[in-house]
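Inside the fold
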Amino acid sequence: MAMRPFVLTTLLLGSSLAFAAGCDRSSRDVREWKPTDHEQPLGQQPGQVAARPRGSAQEGPDQSLVELAWQRNCASCHGQRGKGDGPQGPMMRAPDLTRADWQAQVTDDQMADVIRKGRNRMPPFGNLPDQVITGLVGRIRANRSP
Ligand code: HEC
């Protein structure tokens, strides 16, 4: 068994590296698995609360879909809240969509129109479903600055 000391060293080294990489924190957070953990709807972590109860799509667009669409398509320029502070925001001159004065003078239809057709450096997103576009407009409205 000449290999054994080597394997042992590797294992020890490996685990201490993992420890250094932050496992000390997660080991404290480890919970016991419960059968209910298995019944979570797809894409939802145990303990997370759904933005809207499932099966209520007729009341409005699926919020998690809207959130996903924002993160994928809009946040790079408009940022998390729409302030225009995404990584590409300054370069693209993305406007601050949270401004109360702008929000007061623009209609939902006008917003939806820009999202669908684009304008200047704002790319068109006409491929997104209507429900998602409506949801994005709602998300912008919800982030209005006081
Ligand atoms: C590549 C950067 C970029 C991305 C990505 C982007 N935008 Fe824009 N957006 C802009 C720019 C720049 C403008 C200003 C366009 C103009 O009027 O010149 C704008 C304008 C807007 C406006 C209208 C503002 C006004 O003054 O009427 C809305 C609403 C908007 N964006 C929403 C979105 C949404 C929703 C998404 C994602 C689906 C998105 N944008 C993705 C850059 C971007």
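Residues numbered from 1 in each chain as written. Predicted model: local features only at pLDDT ≥ 70, side-chain atom pairs only at ≥ 80, totals over all residues. Heavy atoms only, no water.

Looking at the packing of helix α6 (residues 108-117) against helix α7 (residues 130-142)
Remark: α6 packs on α7, axes separated minimally by 10 Å, with the N-to-C direction vectors making an angle of 120°. Relative to α7, the element α6 lies oblique. Crossing geometry of α6 relative to α7 is assigned as right-handed. For the pair α6 and α7, contact is made by Asp108, Met111, Ala112, Ile115 and Arg116 and by Asp130, Ile133, Leu136, Val137, Ile140 and Arg141, respectively. (Axes fitted to C-alpha atoms, helices over the stretch in contact; angles between N-to-C directions. Helix = DSSP H or I, 4+ residues; strand = E, 2+ residues; numbered from the N terminus. Parallel < 35°, antiparallel > 145°, perpendicular 65-115°, else oblique. Left-handed = near helix turned anticlockwise from the far one by under 90°. Contact = heavy atoms within 4.5 Å.)

With respect to the nonpolar core
In terms of nonpolar packing, the biggest core is built from 18 residues, with Trp70, Trp102, Met111, Ile115, Leu128, Leu136 and Ile140 touching the most fellow members. In terms of residue count, α7 provides more of this core than any other element does, five residues in total. Setting aside residues no more than four positions away along its own chain, Met111 makes contact with Trp102, Val106, Val137, Ile140 and Arg141. (Core = buried A, V, L, I, M, F, W, Y, C linked by side-chain atoms within 4.5 Å. Buried < 20%, exposed > 50% of the residue type's maximum accessible area, 1.4 Å probe, protein only.)

Describing the pattern of salt bridges
All told, the structure shown has six salt bridges when counted by the stated rule. The shortest N-O distance in the salt bridge between Asp108 and Arg141 comes to 2.8 Å. Residue Asp108 is located in helix α6, and its partner Arg141 is located in helix α7; the two are separated by 33 residues in the primary sequence. Classification of Asp108 by relative accessible area gives partly exposed; the value is 42%. Residue classification places Arg141 among the partly exposed positions, given a relative accessible area of 26%. Of the charged contacts, one joins Asp130 and Arg116 as a salt bridge, the two residues approaching to 3.1 Å between their closest N and O atoms. Of the two residues, Asp130 sits in helix α7 while Arg116 sits in helix α6, which places them 14 residues apart along the sequence. The class for Arg116 is partly exposed, based on a relative accessible area of 31%. (Salt bridge = Lys/Arg side-chain N within 4 Å of Asp/Glu carboxyl O.)

A few points about the site of the ligand
Close to the ligand lie 22 residues; Cys74, Cys77, His78, Arg119 and Met122 are nearest. At 2.7 Å, a side-chain N or O of His78 approaches a nitrogen atom of the ligand. Between Arg119 and the ligand, the recorded distance is 2.7 Å, taken from a side-chain N or O atom to an oxygen atom. Taken together, the elements giving at least two residues each to the shell around the ligand come down to α2 (63-73), α3 (75-78), α6 and α7. (Near = heavy atom within 4 Å. Polar contact = N/O pair within 3.5 Å; in protein donor to acceptor, adjacent residues only side chain to side chain.)

A look at the coordination of the iron atom of the ligand
The iron atom of the ligand binds to the protein through His78 (NE2) and Met122 (SD), with metal-donor distances spanning 2.0 Å. Geometry at the iron atom of the ligand is octahedral, judged from the six donor atoms that bind it and their angles of 86 to 180° at the metal. Here His78 is found in helix α3, whereas its partner Met122 is found in the loop between α6 and α7, with 44 residues between them in sequence. Judged by relative accessible area, which is 10%, His78 ranks as buried. (Donors = N, O, S within 2.8 Å, 3.2 Å for Na, K, Ca; no water. Tetrahedral: all angles 85-135°; square planar, octahedral: opposite > 155°, others 65-115°.)

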